[in-house]
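# An overview of the molecular structure
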Amino acid sequence: MNNKTIRKTVSIRALLILIFISIMVVTIGLIGYIVFSNWVASVNQTVTHMAENMNSNIFNQVDDFINTPLHINEVNHDFIEQGIVDLNHEAEREKFFVSVLSNHSDGVYSFSFGTETGEYYGARRNSGNIIEIMKNNAETGGNSWYYEVNEDMTAGQRVVEAGKFDPRTRDWYKAAKEQQGPVFSPIYKHFVMDDLTVSAAYPIYTQKGQLKGVLGTHIILSNIDGYLEEIVKDVHGYALIAELDSKQLVANSLGMANFNTLEDGTIDRVTIDQINIPAMVEAYGQYANNGENNFILDYDREQLHINLIEYHKNGLDWMIITAVPQSLFTAGIIGNIRLALILAVASILAAILAYLLITNKLLKPVNELIATTQKFSQGDLSQRAPVARNDEVGKLSRSFNFMADRLSYLVGNLEKKVKERTEKLELANSELEANEEKLELILNSTAEAIYGIDMKGNCTFCNASGIKILGYKNQEELIGKNMHYQIHRYRRDGSAMPISECKIVEAIKAGKGTHVDDEVFWKADGTSFDVEYYSYPQYKERKIVGAVITFWDITESKKIQEHIKYISQHDSLTGLYNRAFFEQQLKENDHEGNLPLTIIFGDINGLKLTNDIFGHEAGDKLLKKSTEILKNACRDQDIVARMGGDEFAILLTNTDGKEAEKIISRIKNEFNKERTYAVRGSISIGYETKTGAHQDIDSIVKDAEVKMYNQKTLHREDIDRGMVDTIIETLQERNPREKLHSQSVSHLCQAIGQEMELPDTEVRKLKEAGLLHDIGKIALSRELLNLNEDMLSGEQKMHWQQHPAIGYRILNLSNRTLDLAEGVLSHHENWDGSGFPKGLKGKEIPMIARIIGVAEAYDAMTNKLRPKPMSSGEALKEIKKAAGIKFDPEIVDILFKLVKA
């Protein structure tokens, strides 16, 4: 009974299905585990690298932003300390502070100087972003007074009388005094805007070493929020900056406030512990405990790759934290893995069901054979097994019958024995072939490409994935061929790879495996692809008989890695190296073998004007053209980088000052030949050369940058005047009618001024204002320039009416044209207040603008290049109708006298 039970328990049918299910589950599980593990490792590495790059990008953006007030203080403190700017001279002092602040608009709120006697001078931007002059001295009674800025950048009408103020009580003043050098203040709440502020302070000393006062540049921090949001938006990540010790937020991309204002007017700074992303809080805590700066932590049912980096300036100790969600890469693939798992389970169940149905039918003759053998074994030698089919079972039945015949007749011969043994051998071979077919099926079902080689390197098999990747039709095209010479004979550059250098062959000889991810395989069509492969030795009876190689096409992942590396080192707009790469190369090249080593700093002139007048697309074009000039003027080995905004730097190894001056000369000559829109190219350049190993490279960089700023300051008036001249020249080249119109208006304005017996200086001003009154039309298209005002559509008219404001901005560039700007801005204002851009009326309109308005109207009507010019009498009649409506009646009367005379 027990023996029968055992036989039923270990039936062939149950054993086969158990083996089949085990092989399927183990194979699918093992392959899935290998693929998934490799993929997860690759994703983790890629996302971690991305988080580090984002943090580096944020670090550079913040560093550029924070360096602005430092640069302002560094460049300008010598002007005060060495007496170049006389702060006791009120007009000179006011122009100095206004000019510095107007040249640095990005985030800079105010620029000031407080003295040891409690005086306070400078310039600030009010809540409307308009610059005002600040003054606090004995004249103001120790109170802070604020003034409008006149056209000549001196103080005008007093607009605000604030209370008592002593700069010596401010944190930034105290910090600089204590540090005795450049320092940043603690962060504080801006007293006008709802924003956080930090101040860069620089102590100023007398020649005897006594503290004279402190120079302060004050910036608002909300701009950093925008930097963070822009950097993380494409990867749906998070970023924040906090003070290292207090954990109080400086900026964040989470859309939350960095502080809260309490009822008593004080502020409550938000800390890292209060943000709604626990993973970032946990990462900060672990960093504080053990210094680790890379984490993979769970948050909201996904994993975040978190990177932390410290940022330090004198007085600033910040922590930058970025987090990138892994789901950016895994969302779609996880779904595919689930689908593959479901399909695998469904395939196994379907195979089991098919197996049960088939075996029920196939094993019926086996059961009959078993019944016959049982009776035969009990002594009934007449029993013979029925033969229903001509398959393996039928053969087994025939074998049984043959054996029964032998036992029954007790005869046999050698030929029958040989035949019986031959039949058994054929059956064994058939089973072996079936197992080989199963193995081949398993290999062909894997996603990885696999092939085998013998000790000579000849191919023994190749699965379907390998055949597909290599571009062959079937494995017969590879079987028996040497795989090194077939797919591995050349390097990436096309040069031959000797078989003696083949790592697969070397590994077989050494009896070990190998892993390579920096080579290429070659396809049947002669093209190559980046490959990652593993080679494993193959044993038989404890001897190596060959190897099995598993490989993948990693071309796309290589491209992604190269792209990530590229964007981490290059500026996205110009394609030049970025600041981080430049500073890295500076450290790597700072050795004696590269001396003399020269640093060139350049600042593109006119970028802000180009952006303001023609838009950022034109500014981008100017930057790209400047990039082209710099690259063409430099040598192949020179490192050219965009440091931010309109600043560029060049690193020249083994280059002395004489050679550097040749390069600078080529750069300036090429810039002089270029004109972007109506702005002639120019660049301010400074350089410094390191000739000895003892010299500090940071000091060399700083000296080069200071020389560049000095060049820009010394030649600013020439640069600005050249821009104005180029713009009016370009406008007149584009439209001859504008040239004739400007000249006519200029002569007529001069004549009106002389008739009004104005001083010679005012007459000259009128003449030049008449010539430049339409300079703002440089921003208009050719189509608009060729249309009369009465022919413009609504949208065209709106663009056309912007030209006085554009002209105002252009003329404010140069001190030579500064006093003309207000007249040009207002020359389309009407006497009754119906004009633009301000809607001024009557004598609110500057006299110079009223004169231009009358002269321009007369010439526009009578200009010979007009399609249908009026006669002088017709034009005077029209102008007379508009006297007291559009035009100043007194100036109209003067025009009548001049024309009729």
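Above this text sits the structure in question.
Residues numbered from 1 in each chain as written. Predicted model: local features only at pLDDT ≥ 70, side-chain atom pairs only at ≥ 80, totals over all residues. Heavy atoms only, no water.

## Observations concerning the sheet that holds strand β10 (residues 238–243)
- Spatial strand order, β11-β10-β16-β15-β14: five strands in an open sheet with antiparallel pairing. Each having just a single partner strand, β11 (249–252) and β14 (294–299) make up the two edges of the open sheet. Strand-to-strand, the axes of this sheet are offset by a mean angle of 25°, without reference to chain direction.
- Alignment of strand β15 (residues 302–313) against strand β16 (residues 316–325), held across 10 bridges, turns out to be antiparallel. Bridge pairing in β16 links L308 to I321.
- Against the sheet, helix α6 (residues 278–290) contacts β10, β14, β15 and β16, and its axis sits at roughly 145° relative to β14. (Pairing = 2+ DSSP bridges. Helix = DSSP H or I, 4+ residues; strand = E, 2+ residues; numbered from the N terminus. Axes fitted to C-alpha atoms, helices over the stretch in contact; angles between N-to-C directions. Contact = heavy atoms within 4.5 Å.)

## A look at the pattern of salt bridges
- Summed over all chains, the structure comprises 36 salt bridges.
- Measuring nitrogen to oxygen at the nearest pair gives 3.0 Å for the salt bridge that ties R124 to E132.
- Residue classification places R124 among the buried residues on the basis of a relative accessible area of 8%.
- Residue E132 is classed as buried on the basis of its relative accessible area, which comes to 7%.
- A salt bridge links R816 to D725; the shortest N-O distance between them is 2.9 Å. With a gap of 91 residues between them, R816 in the loop between α25 (803–811) and α26 (821–825) and D725 in helix α20 (residues 716–734) connect regions that are remote in the sequence. (Salt bridge = Lys/Arg side-chain N within 4 Å of Asp/Glu carboxyl O. Buried < 20%, exposed > 50% of the residue type's maximum accessible area, 1.4 Å probe, protein only.)

## What to know about the side chain of K712
- Within the secondary structure, K712 is located in helix α19 (residues 697–714).
- We classify K712 as buried; its relative accessible area is 14%.
- Here N605 takes part through its side chain, which lies 2.5 Å from a polar atom of the side chain of K712.
- Those residues in contact with K712, other than ones at most four positions away along the chain, are D603, I604, N605 and S684. (Polar contact = N/O pair within 3.5 Å; in protein donor to acceptor, adjacent residues only side chain to side chain.)

## A look at the packing of aromatic side chains
- A full pass over the atoms with the stated rule returns 18 aromatic pairs.
- What links up through ring pairs into an aromatic cluster is the set Y451, F521, F529, Y533 and F551.
- Sitting over the face of the ring of Y687, K707 holds its NZ or CZ atom 6.0 Å from the ring centroid.
- A cation sits over an aromatic face here: K880 above F896, 5.5 Å from the ring centre. (Phe/Tyr/Trp six-rings, centres within 6.5 Å; stacked < 30°, edge-to-face > 60°. Lys NZ or Arg CZ within 6 Å of the ring centre and 35° of its normal.)

On their own, these measurements won't tell you what the molecule is for.
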